[in-house]
Amino acid sequence: MRHSLALCIALALALAATASPTLRAATVSTTPIAAMPLSQALDRFAQDSGWQVVYDTSVPDDARSTAAPGGVTAEKQLATLLRGTHLTYRFVTPTTVKIVPGNVGAGPAPARELPAIDTHDDAKNLAPVSVSANAVDTLAPSAAPLDATQPTSVIDERFIRDGLRFNANFDDIIKYAPSITVTSPEGPGLGKNEGISLRGFQDGQFNITFDGIPFGDASDLHHTTSAYFNNHVLGQAEIDRGPGGGSTIGNATFGGTIALRSRDPSDEPGITPYLTLGSWDTRAGGVTADETLGNTRVFADISKESSDTYLKGTDDRREHIFLKTITQLGTTTELTFVTSYNREHQNTVQGATKDEIDRYGWRFGLGNDPTLQNFAGANNAAYYSSFTYLGLTSQVGDWTVDDKLYYNSFDHWARKASDASDIDPADNGVTFYNAAGKKVRTAADDVPGKLSDSGFHAFGNVLRLGRDLGPGTLQTGVWLERNLDARYQYPLDLTTGEKTGTKYGPVQNYELSDRTDTLQPYLQYDWKATDSITVSPGVRYSEVTRSIDAPLNKVSPPVPLDAEATYHATLPSISVHDRLSDEWSAYLQAARGFLAPPIDVIQVNGSHGLSPETTKNYQLGTAFASRQLTFGADVYYIDFSNYITETQVATGNGNESTYVNGGGAIYKGAEVEGTWALTRTLSLYGNASYNKATYKNSSVQVAGTPKVTAALGLLYSGSNGYFGSLMGKFLGHQYGLDNTTDDDGNLAFHNDQRIAGYMSVDAAAGYRTDKGPAGTKGFSVSIDVNNLFNVHKYTGYAGTQSVSGDPLYFGLPGRGIFLDLSVKL
């Protein structure tokens, strides 16, 4: 097995050979380190020496370092820092050490006593593990970890903090990673994202988790990015571009998982006010607080933001509150509480025609004429979300336990014109109906619209158990969730505010409630076949039951519906991970995937819904990490069956969406990313991916899938406090449509609405210090520039205009400049 994997990844071996070993005694730390909290001192040491320092709960929260001089070897400086702490260090590689209990006066512990270091988030290692400094200890947007068993990119807190503006959304955080496409027409962190794609899988076809808990809209699993978490409260993002193993829970894991992790409370207490000022009258402010109260550490954040955004008339307003506490209940037991609330109000757009953009410019959005459907005051929306969980980790006998009980909610209220892109007064007109559906009058000049509300409440539990068993580790657990959803919509005369009734009689277009119950137990065994090879077979059972109780179903004409459908699958998987050396690993993976149809299918077909989507996934890859280089590469092949695709059909109410089984599709491609440390403070980052997603027996590319994506960046992170980055992202051409309905009502596959490729460049520069004026604990100042060269390109297809049928598009927001300021008190 070792030789076959090595042959497949010879490129990584060649690159590894270029990295010269560094003798530990030859590494000199030139900067003195004052006495301070030990965890901070170890971070400083790793930054200056270039060593990787790994430590876990053996480092007490209240431990403090001894002051250490500069101009000495790294080994001597580390020994001085640890003096008096009852801790010592063990060498793993010439430049990697682990902090362990012991007496530093006796020197480093023998390397032969070292346990394997595993920073993978397995049930067997639930205690928090901190890795100070990447192998390449400079700012980087993402890196491939050595212990990954599938293509993975980890985005750490330093890039989230230093490479992006303060109020960035999670789609901004991940946008530079391989195979990722995002569409944010209103600007970075402003308004909601209009589409995220991972390898061509669209939002709802891949998994998104927060602290290990899956979440998404009840109807189709999509996510309103601006309605959840900004980068103030996120400590890490991990993108797994694969289905994972048996222990990977979620509704759409075959498309990958974007795992968001909340920021932990800082060991250094303090209050940090912050402020952002920028383009398009963007203003944001807030305050974070870190404190330790007895055996509880606390992190809290509250923020408020307002912006006109890049698109005119959208006027985005957002407030966010976040609280996290971590309480140590014993030597092996920890209780975590997290609660978050987000509220956003916005005037919403739905794209623009090319003619409108040609006539009025790229900032065309909403207008100020109340007699048009395009009027900003006639297109309002509000988003409310919450996320709360109580998590317990402990050791019970031989078992490690990680249990999270959670509740999250989302509500979307909207009052919109029939078509917010329509600026033709001839398309106005409202018809009123009585309770029998008979036309009673018309108002030819009034603005037609609708008012709707949709919201869900999800209650669930994620239980993970693990223990050493024989020559490996057993992992098992279960995910349970009940999601209760309710929706309504009725037509409205936006000029007068009157309900118009419908031609079918009822006042509402639809009124319904639905429920989704999810059950996912799993079992996985990580077998240490040899000292370097781990084989991980696993199996997960997924059962999804959707039921609907609709006084007025969402069809034309609306009728009552009471229906239920259950979808289930057994999902086996296996992965092989080979630690070829201390710096190089390889893996292969095979797994089955499953995704239950959205609630829309039951609304149209009742209990006889479409077949669920299923996949067979195969991946092969490698990761390399030395002091100078981190590198990851992979190839993949996914056989997709029962592909459910969305198509437009003409009805008496205009163009409407419907879902069909589109047969099958094949996703295949290759990805590579790496960071090269040019110096200790300057690094070069790059990635490239080829993603071919075509329907079976055709050359038709799945819509929203650029075949080529790439990123290139130069990043600086100095020990003098200065930092900066210059990042470019390239997206190849894609298509807005991959199917249509012919005159006979049959589905026909072909590509249409081609969107050309483009490249956008972002820049950031700033300064940070922990020695602020007037007794403060430090401050930071930075400038972030979005779309540095003010490139204007179409980025996404947005459907068609209701009356004209003209295609609608989203564009790349123009140059935006933002100033971020913070001070720690």
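See the structure shown above.
Note that the structure is a prediction, hence the values are computed from the model and not measured. (Residues numbered from 1 in each chain as written. Predicted model: local features only at pLDDT ≥ 70, side-chain atom pairs only at ≥ 80, totals over all residues. Heavy atoms only, no water.)

> Go over the pattern of salt bridges, please, and point to the residues and values.
Under the counting rule described, the total for this entry stands at 21 salt bridges. With its nearest N and O atoms 3.4 Å apart, the salt bridge here joins Lys 404 to Asp 402. Arg 515 serves as the salt-bridge partner of Asp 517, at 3.1 Å between the closest nitrogen and oxygen. On the basis of relative accessible area, Asp 517 is assigned to the buried category, the value being 17%. What makes Arg 515 partly exposed here is its relative accessible area of 27%. (Salt bridge = Lys/Arg side-chain N within 4 Å of Asp/Glu carboxyl O. Buried < 20%, exposed > 50% of the residue type's maximum accessible area, 1.4 Å probe, protein only.)

> Residues and numbers for the sheet that holds strand β9 (residues 196–198), please.
Ordered by their spatial adjacency, three strands build an open sheet running β8-β9-β10, and the pairing between neighbours is antiparallel. Looking along the sheet, the strands with just one partner apiece sit at the ends: β8 (180–182) and β10 (201–202). Alignment of β9 against β10, held across two bridges, turns out to be antiparallel. Looking at β10, one finds that Leu 198 is bridged to Phe 201. (Pairing = 2+ DSSP bridges. Helix = DSSP H or I, 4+ residues; strand = E, 2+ residues; numbered from the N terminus.)

> For the environment of Gly 294, give the residues involved together with the corresponding values.
You can see Gly 294 is positioned in the loop between β16 (282–293) and β17 (296–307). Residue class for Gly 294 comes out exposed when judged on its relative accessible area of 70%. Along the primary structure Gly 294 and Gln 328 are separated by 34 residues, whereas in three dimensions their C-alpha atoms are 9.3 Å apart.

> Explain the environment of Ile 208 to me, and be specific about the residues and the numbers.
Within the element layout of this structure, Ile 208 appears in strand β11 (residues 207–210). A relative accessible area of 0% means that Ile 208 is categorised as buried. Distance from Ile 208 to Leu 221, taken between C-alpha atoms, is 9.1 Å for residues 13 residues apart in sequence. Once residues lying within four places of it in the same chain are set aside, the contact partners of Ile 208 are Phe 170, Asp 203, Ile 213, Pro 214, Phe 215, His 223, Ile 258 and Leu 260. (Contact = heavy atoms within 4.5 Å.)

> With reference to specific residues and values, describe helix α4 (residues 74–82).
Burial runs high along α4: seven of the nine residues are buried. Residues Ala 74, Gln 77, Leu 78, Ala 79, Thr 80, Leu 81 and Leu 82 constitute the buried set of α4. Once α4 finishes, Gly 84 follows within two positions and takes phi at roughly 85 degrees, a positive value.

> Quick rundown of unusual backbone geometry? Include the residues and the values.
The step from Ser 556 to Pro 557 runs through a cis peptide bond, and the omega angle for that step is -5 degrees. Among the secondary structure elements, Pro 557 is positioned in the loop between β28 (533–552) and β29 (561–578). Residues other than glycine seldom take positive phi values, yet Asp 281 does so here, at roughly 55 degrees. Relative to the assigned elements, Asp 281 resides in the loop between β15 (270–278) and β16.

> Can you break down the nonpolar core residue by residue, with the values?
Within the largest apolar cluster, 64 residues are counted, with the highest numbers of intra-cluster contacts made by Ile 174, Phe 210, Phe 229, Leu 260 and Tyr 667. Looking at this core element by element, the count peaks at four residues for strand β20 (residues 380–396). In this structure Phe 229 touches Asn 169, Phe 170, Phe 210, Phe 215, Leu 234, Leu 260, His 320, Ser 340 and Phe 387, once residues within four positions along its chain are discounted. One finds Leu 38, Leu 78, Phe 91 and Ile 99 within the second-largest nonpolar core, a separate group that totals 22 residues. (Core = buried A, V, L, I, M, F, W, Y, C linked by side-chain atoms within 4.5 Å.)

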